[in-house]
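Residue strings, one per chain:
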2 protein chains.
Amino acid sequence: MRIVVDAMGSDNFPMPDVEGAVQAARLYPADDIVLVGDQTRIQNELKKYDTQGLKIEIVHTTQNVTMEDHPGDVGRTKKDSSMLVGMNLVRDGKADAFVTAGNTGAALAIATLHSLRRIPGVKRPALTSLVPTAGETVALVDLGANTDCKADWLVQFGIMANVYAQRVMERHNPSVALLSNGEEESKGNALVKEAGDLLRQTSLNFVGNVEPKDMMAGKIDVVVADGFVGNICIKSMEAVGSMLFRLLQEQVKRNPLAILGALLMRPALRSIYHKADPFEIGGAPLLGVNGVVIIGHGRSNAKGIKNAIGQARKAVQGNLIAAIREGMTQFVTETHEVE
Amino acid sequence: MRIVVDAMGSDNFPMPDVEGAVQAARLYPADDIVLVGDQTRIQNELKKYDTQGLKIEIVHTTQNVTMEDHPGDVGRTKKDSSMLVGMNLVRDGKADAFVTAGNTGAALAIATLHSLRRIPGVKRPALTSLVPTAGETVALVDLGANTDCKADWLVQFGIMANVYAQRVMERHNPSVALLSNGEEESKGNALVKEAGDLLRQTSLNFVGNVEPKDMMAGKIDVVVADGFVGNICIKSMEAVGSMLFRLLQEQVKRNPLAILGALLMRPALRSIYHKADPFEIGGAPLLGVNGVVIIGHGRSNAKGIKNAIGQARKAVQGNLIAAIREGMTQFVTETHEVE
């Protein structure tokens, strides 16, 4: 297997990107890791590690996409960017998957409009967040690729994430739900109600509406939302999580006994922090394009990149793209869609 | 001042409702508290407390709204419910405010369609959640009264919550923002962008888009959202908060040293828990109807009811309703709205 890693992706590129790639190369010695980006900077970074025997290649590019770049432009203006060149390696069959911690909007636009392009039948590719919960990880789709959705797009998000849950998360007959303001069928906005009616007609294991608390109980495999709502949901969760950890730190600092208490509780606190750490998971798979793409957080550390590469490997091993293609064909039949 | 309390509102009615009313009557000895509901049950409950000298009255009703009641029906089918009779006391000028921990949808429908009715110019009344943050409390509107909103409704939510922030939360020139998936003007779904364009035309101190993390930093006074999105936001936050507290309890139980640690950290943990306790605030004001209505959580305890009564008092003292009426007149002028 050959996995392409954008060396110029993360906020602190190329450090975490290269270090994560080295860690993955050690962990998966049979695989090739291709680092795309500025050759000199990558080489200087690689020198820090013992890379003897590791299958790491470099593909040199002269440009890189920044967080300031307008997503709609970079596919035209930065043809020699690590993102576009890296993705084209997958498009051209020279590699199996692409991992980046770069500008999400740009990755989405490049994948959809300039490089891999959409799988036939897919109306809108979607980002899937793998959310740690009290139970099993939940796939929340869409994380924000599409801020104004139509009901049939939501159905497609459900189909694609269902395939991801089967092939990558190893769930049998995944449960699929719509994120809503109440469990009852009567709850939801107009979009959720319409999507619910459509989802009930598919062969998905659709279990209806769920509220965020049901999602966080970890009993659902796939939760579908409009990208705007999915984004607000995940960001609201992150906001409260960081706020509570910060408040705890502040409160503890004020009291010497509490500092001792925190030391004694350290393993407990650490295990929770670990559970909530997004870099344990790696990144968000972009579903609906002709190739495996995992988009990590801009703040990704080496562990985040390594785990994103692990995710990409699982997606390739699970034949994710072929399975989504099949799912799309089935969607057309089930919803009597005329292409 | 006379405050009406729905004695049959909370999930455990009439216990917390009556106890909270007694606590408020003690706290505000100059005010009259009117308990509406089944006279016998209220009297039996009142017997548990020393009510000598407290100004508590009972208005007997034979029906009560349940969580199973369909919001659209109760105004017609339960004319002698504590909710409708209680609200009519405010409508008829016999009391100044109404507090209930009952069925939110029913309270909304009764207020809007059967009792207090809308303030002239108000398109949709909205529920406002007072969200505890790392800084000051934020007013998040709409909490779920309206699941499919138009842009001018959002503008009105902003105007009404702005008045609430001035008159009840005592904020000077409150900052008003739209909840969005990014801070930039280009972010947001179509509704948010359209509402942003309208809000920029008003005299509100509109500061643009905020993400959940900015909201939780407590630097904004009013955050406006579509009721569906506002509901998902608040429920996502609650879901993570309770999950983290539960995980912490579980982890601590597994380790005797961590139990000791938790005991030492107790004041720190308690102060955070206290900060996040919704019953410290009381309830959600329903803005846009001709009277002060505070809707508490169904799970309200006595403290929640007492604090909701405190909130209602502040709204009456701040002349909330007259100020919203004025705000609505200004809205018509500023947006060149033809009534």
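Everything numeric in this text was worked out from a predicted model, so none of it was measured.

Asks: Which parts of the structure should I look at to understand the packing of helix α9 (residues 227-253) of chain A against helix α11 (residues 266-276) of chain B?
Replies: To characterise two packed helices, one gives the angle between the axes of the helices and the distance between these axes. Between α9 of chain A and α11 of chain B, the least distance of the axes is 9 Å, while the angle of their chain directions is 140°. The angle between the axes of α9 of chain A and α11 of chain B places the two elements in the oblique class. In this structure, α9 of chain A meets α11 of chain B at a crossing whose hand is right-handed. Note on element contacts: α11 of chain B touches α9 of chain A through A268, L269, S271, I272 and K275 of chain B, opposite L244, L247, L248, Q251 and V252 of chain A. Of the residues assigned to the contact of α9 of chain A with α11 of chain B, the class counts are 7 nonpolar, 2 polar and 1 charged.

Asks: Help me out: how do you make sense of the nonpolar core in this one?
Replies: It is characteristic of soluble globular proteins that their nonpolar side chains tend to be buried jointly. Of all hydrophobic cores here, the largest spans 246 residues; its most connected members are M215 of chain A together with M215 of chain B. Among the elements that make up this core, the one with the highest residue count is α9 of chain A (14 residues). Of the domains in this structure, domain 1 (1-121 + 288-319) and domain 2 (123-278) of chain A are the two that each give at least three residues to this core. Beyond its immediate chain neighbours, meaning those up to four positions away, M215 of chain A contacts V131, T133, V138, L140, L179, V223, C233 and M237 of chain A.

Asks: Sorry, what's going on with the interface of chain B and chain A here?
Replies: Often, the extent of an interface is quoted as the loss of accessible area upon association of its parts. Each partner contributes to the interface: chain B provides 45 residues, whereas chain A provides 45 residues. Summed over both partners, the interface of chain B with chain A comes to about 4100 Å²; 78% of that surface belongs to carbon and sulfur atoms. It is F228, L264 and M265 of chain B in chain B that bury the most area against chain A; as a group they hold 15% of the surface buried on that side. In this structure, the connection of chain B to chain A is made through 2 salt bridges. Notably, a salt bridge pairs E211 of chain B with K235 of chain A, separated by 2.9 Å at the nearest N-O pair. At the junction of chain B with chain A, the criterion picks out 8 residue pairs in polar contact (both at pLDDT 80 or more). With 18 residues, the top contributor of residues to the side of chain B that touches chain A is helix α9 (residues 227-253) of chain B. When the residues that make up the side of chain B that touches chain A are grouped by side-chain class, the tally is 27 nonpolar, 12 polar and 6 charged.

Rules used in this analysis
- Residues numbered from 1 in each chain as written.
- Chains lettered and ligands numbered in written order.
- Predicted model: local features only at pLDDT ≥ 70, side-chain atom pairs only at ≥ 80, totals over all residues.
- Heavy atoms only, no water.
- Axes fitted to C-alpha atoms, helices over the stretch in contact; angles between N-to-C directions.
- Helix = DSSP H or I, 4+ residues; strand = E, 2+ residues; numbered from the N terminus.
- Parallel < 35°, antiparallel > 145°, perpendicular 65-115°, else oblique.
- Left-handed = near helix turned anticlockwise from the far one by under 90°.
- Contact = heavy atoms within 4.5 Å.
- Nonpolar A, V, L, I, M, F, W, Y, C, P; charged D, E, K, R; others polar.
- Core = buried A, V, L, I, M, F, W, Y, C linked by side-chain atoms within 4.5 Å.
- Buried < 20%, exposed > 50% of the residue type's maximum accessible area, 1.4 Å probe, protein only.
- Domains from an automatic or database assignment.
- Buried area = accessible area lost by both parts, 1.4 Å probe.
- Salt bridge = Lys/Arg side-chain N within 4 Å of Asp/Glu carboxyl O.
- Polar contact = N/O pair within 3.5 Å; in protein donor to acceptor, adjacent residues only side chain to side chain.

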